[in-house]
Amino acid sequence: MAILKKAGKYWGIKKMQDNMWIKIGLEVHVQIGSLTKMYCRCQNDNSDENPNTRVCPTCLGLPGSLPVLNERVIEMAARVAFGLGCRVNNRSKFDRKNYFYPDLPKGYQITQYFLPLAQDGMVELAEEEKNIMIRINRLHLEEDTAKMIHAGGESLLDFNRCGIPLMEIVTEPDFVSSGQAVNFLKDLRDLVRWLGVSQARMQHGELRCDANISLWQGKKQLGEVVEIKNLNSLKNVKAAIEYEFVRQKSLLAKGIRIGKETRGWNAVLGETVGQREKEKAHDYRYFPEPDLPELEMGEDFLAEIKKGMPILPEQIKERMQSEYFLDKKVETVFFADMDYFDFFEKVVSELKVWLEQKRVDWKERVGSEEVFFNKVAGYVLTDFRRLVRESGGWKECRVTPENFAELVAMFLAGEINNQIMKKILTKMIHATSSPLQIAEENGWLGAKSQFDLDAVVEGVIVENGRQVNEYKQGKEQLLAYFLGQVMKKTGGLAKPDEARAALLKKLRG
Ligand code: ZN
Ligand code: MN
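Computed from a predicted model, the values in this text were never measured in an experiment.

A. Quick peek at the overall build of the chain. Looking only at helices and strands, the chain has 16 helices and 17 strands in total. Judged by the C-alpha coordinates and their principal axes, the chain covers about 95 × 55 × 50 Å. Residues classed as buried in the chain amount to 50% of the 509 residues present. Long-range pairs, those at least 24 residues apart, make up 69% of the contacts in the chain with a sequence separation of at least 6. Taken as a whole, the chain presents about 25,600 Å² of accessible surface, with 50% of it coming from carbon and sulfur. Side chains of the chain carry 74 positive and 73 negative charges; the gap between the two charge centres is 4 Å.

B. Focus on the confidence of the model for the chain. Across the chain, the average pLDDT comes to 88, with 94% of residues at 70 or higher. Averaged pLDDT values for the elements of the chain fall to 71 in helix 8 (residues 362-366) and rise to 98 in strand 10 (residues 165-171). Here residues 1-16 is modelled with pLDDT under 50, and outside its nearest four sequence neighbours on either side it reaches 63 contacts, counting other chains as well.

C. Summary view of the coordination of the manganese ion (ligand 2). With distances of 2.0 to 2.2 Å, the protein atoms coordinating the manganese ion (ligand 2) are His29 (NE2), Glu142 (OE) and Glu168 (OE). Each donor residue of the manganese ion (ligand 2) belongs to the same chain, with the gaps between them written as H-x112-E-x25-E. On the criterion of sequence distance, the pair formed by His29 in strand 1 (residues 20-31) and Glu142 in strand 7 (residues 132-143) is long-range, its members being 113 residues apart. Using a relative accessible area of 14% as the deciding quantity, one classes His29 as buried.

D. A look at the coordination of the zinc ion (ligand 1). Protein coordination at the zinc ion (ligand 1) comes from Cys40 (SG), Cys42 (SG), Cys56 (SG) and Cys59 (SG), with a distance range of 2.3 Å. For the zinc ion (ligand 1), the four donor atoms are set out with angles of 100 to 114° between them, so the coordination reads as tetrahedral. Written as a sequence motif, the donor residues of the zinc ion (ligand 1) are C-x1-C-x13-C-x2-C. You can see Cys42 sitting in the loop between strand 1 and helix 1 (71-83) and its partner Cys56 sitting in the loop between strand 1 and helix 1, a full 14 residues away along the chain. Per residue, the accessibility class of Cys42 equals that of Cys56, and both read buried.

E. Layout of the environment of Val197. Take Val197: it is sitting in the loop between helix 2 (178-194) and strand 11 (207-217). Separated by 117 residues in the primary sequence, Val197 and Val80 have C-alpha atoms spaced 7.7 Å apart. Beyond its immediate stretch of four places on either side in the chain, Val197 contacts Gln31, Ile32, Gly33, Met76, Arg79, Val80, Met167 and Val192.

F. Structural view of the nonpolar core. Ranked by internal contacts, the top residues of the largest apolar core, which has 64 residues, are Leu26, Val80, Leu84, Leu139, Met167 and Phe184. The dominant element in this core, judged by the number of residues it contributes, is helix 1, at eight residues. With sequence-adjacent residues up to four places away left out, Leu26 is seen in contact with Ile169, Val170, Thr171, Phe175, Ala181, Phe184, Leu185, Cys209, Asp210 and Ala211. Of all hydrophobic cores here, the second largest spans 50 residues; its members include Phe344, Val347, Val366 and Val380.

G. Representation of the pattern of salt bridges within the structure. Scanning the model with the defined rule gives 30 salt bridges in all. The salt bridge involving Glu261 is made with Arg247; its shortest N-O contact spans 3.9 Å. Residue Glu261 is found in strand 14 (residues 261-266), and its partner Arg247 is found in helix 3 (residues 234-253); the two are separated by 14 residues along the sequence. As far as the burial class goes, Glu261 and Arg247 line up, both buried.

H. Up close: the sheet that holds strand 16 (residues 287-288). Across the sheet, three strands lie side by side as 5-4-16; this open sheet has antiparallel pairing. In this open sheet, the two strands that pair with only one neighbour each are strand 5 (108-111) and strand 16. Bridging between strand 4 (residues 95-98) and strand 5 involves four bridges; their strand directions are antiparallel. Within strand 5, the residue paired with Lys97 across the bridge is Gln109.

Conventions used here
- Residues numbered from 1 in each chain as written.
- Chains lettered and ligands numbered in written order.
- Predicted model: local features only at pLDDT ≥ 70, side-chain atom pairs only at ≥ 80, totals over all residues.
- Heavy atoms only, no water.
- Helix = DSSP H or I, 4+ residues; strand = E, 2+ residues; numbered from the N terminus.
- Buried < 20%, exposed > 50% of the residue type's maximum accessible area, 1.4 Å probe, protein only.
- Contact = heavy atoms within 4.5 Å.
- Areas by Shrake-Rupley, 256 points an atom, 1.4 Å probe, with all protein chains shown as cover.
- Lys, Arg positive; Asp, Glu negative; His and termini not counted.
- Charge placed at Lys NZ, Arg CZ, Asp CG, Glu CD.
- pLDDT = per-residue confidence, 0-100.
- Donors = N, O, S within 2.8 Å, 3.2 Å for Na, K, Ca; no water.
- Tetrahedral: all angles 85-135°; square planar, octahedral: opposite > 155°, others 65-115°.
- Core = buried A, V, L, I, M, F, W, Y, C linked by side-chain atoms within 4.5 Å.
- Salt bridge = Lys/Arg side-chain N within 4 Å of Asp/Glu carboxyl O.
- Pairing = 2+ DSSP bridges.

Rendered as C-alpha cells:
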C-alpha cells in the first residue's frame, strides 16, 4: 500500500560530481489526537493554555501510580500503520527506556522497544522521473514528555504534555536528498490527517522529526551515522540535512573522521551543533514494563480496524486518473476539498442518465471521455464552487447532483447557452426547483424565437460602420467584437455558432 503520491519538484542534493552522496533515515514522532492521554484519563490537549492543570498522579510519575493503556490510541496508531503498509503485530509489548531528564518525572519513558506495534511497511514516494520506494522499519507507541520552557533565565515545566500519546515512525535510510525527506514528511502529514489520527501541525510540535545522516562515496560509507534531533519545521529539515552534508564533506576533505554523534539544529545560526556522542541502546537499559500486560490483538480486532479505514488518498488519486482522466490541476483542486469530488462523481453518474434521456451523444458533442469528464469537473469547480462559497458553503447550498446534472445536460443538448446556464445556476443555489422549472419561469427556454438573429446582426453592422470597414481591410480579429455586440443585444441568448455564421454571411455580402 502506498501513500499519497506527489509530483513534487526535485530539489536537494543527490549525486555530486565527486560521486559523494547522502543517505538519510527519518524518525518521526507524531502526537495521536485521542481524547485522553496514553496511560491515564487526563485530557489530551497540546495547547499551552493553563499549564499543569491536565495532570494526575500517573502522568506526573508519582510513586505507586499505575498506567492503564488507552485502547483508542491502539486503534488510531494501527490505522496509520495500515496506511503505511505495515504489518500490525498480533502481540506487542511495552518497555521502559530509562534516562534522567527534568521533563521525564518517572525517570523512564514507557515505549515499545523489543516488540513494536507494527513493522515492515513500504510507501511510494513521487519523484520527477521515477517514484521511489521508502521502507518503513517500524511504528511503535510511546508517551510524550513534559514541555520545558526557558524564559527570563529560568526553566519552567508544563506537565500537561506528559503522557500525550506518540507514535514513532522509523524509516530505513532510503532517502538520498533533502527534498525526498521533506516530501515524505508532507505525505505522512497528509496521511495522518486523512485518517483523523493527528492534526500533525509541526509548529505545535504535533509532528517532530529526527534525521539520521551518513555520507557515502560510491558503495563505500565514509563516516558514522550522525543524528540531528528535534527538527520542528519542513524548512529546518531541509536546511539541517543540507548543512550537515556540507559540514561532513569538508571534515572528510581535511581527513577528519566522522564519529557517531547526536547534533541539534540551531535555526538562528543555520547550523547543526554537537550535543553528545550518540548513546547506545544498552545505555537506556530497556526492560519490559512490569505494569502493563502484553498487548494481544485478535484477528477480529485488527480486521475491524482495517474495515473502518477510509479510502486512502492514493486510491482516490488512482480513480481520478484511471476512471476520469482528470488533469493534474483539477486533481489538486479536488484534493483540497473532497466534497467537490464527491459531488462531481454523483453528477457524472446522474448526467449519463440525463444525456441518454435527451438522446445526446456526449462523445460526439465533446470529443472524448477525457474531455467530457474534465469539462464536467470544470463546471463543478468554477462558477458552482464560487457560488457555493459566496452563499455560505455547502450547508446553504440547495443544488443536488441530480439538478446539477440536468443543467449540464440541458447545456450539452443545446437547449440553453453558456450565459443562461450561469443564470440558472445562480438561481439554483437557493431554490429547490429544477433547472428546467427555473428556465421556464424566466422565459429562458426557446429563447431563440424571442429575437430575430438576422435583424440583430444587421443592426450591429449598421451601428459599427468604421469597424466594419477595418474588418474588410483585413483586421479580422474584429469579428470577436461584433460577436460580443450580438451577444449583448440578445442578452446572451444567441448561440455563438449561429451568431458567428450570420455575421460572416452579412460581412461577406
Ligand atoms: Zn494524567
Ligand atoms: Mn521516541
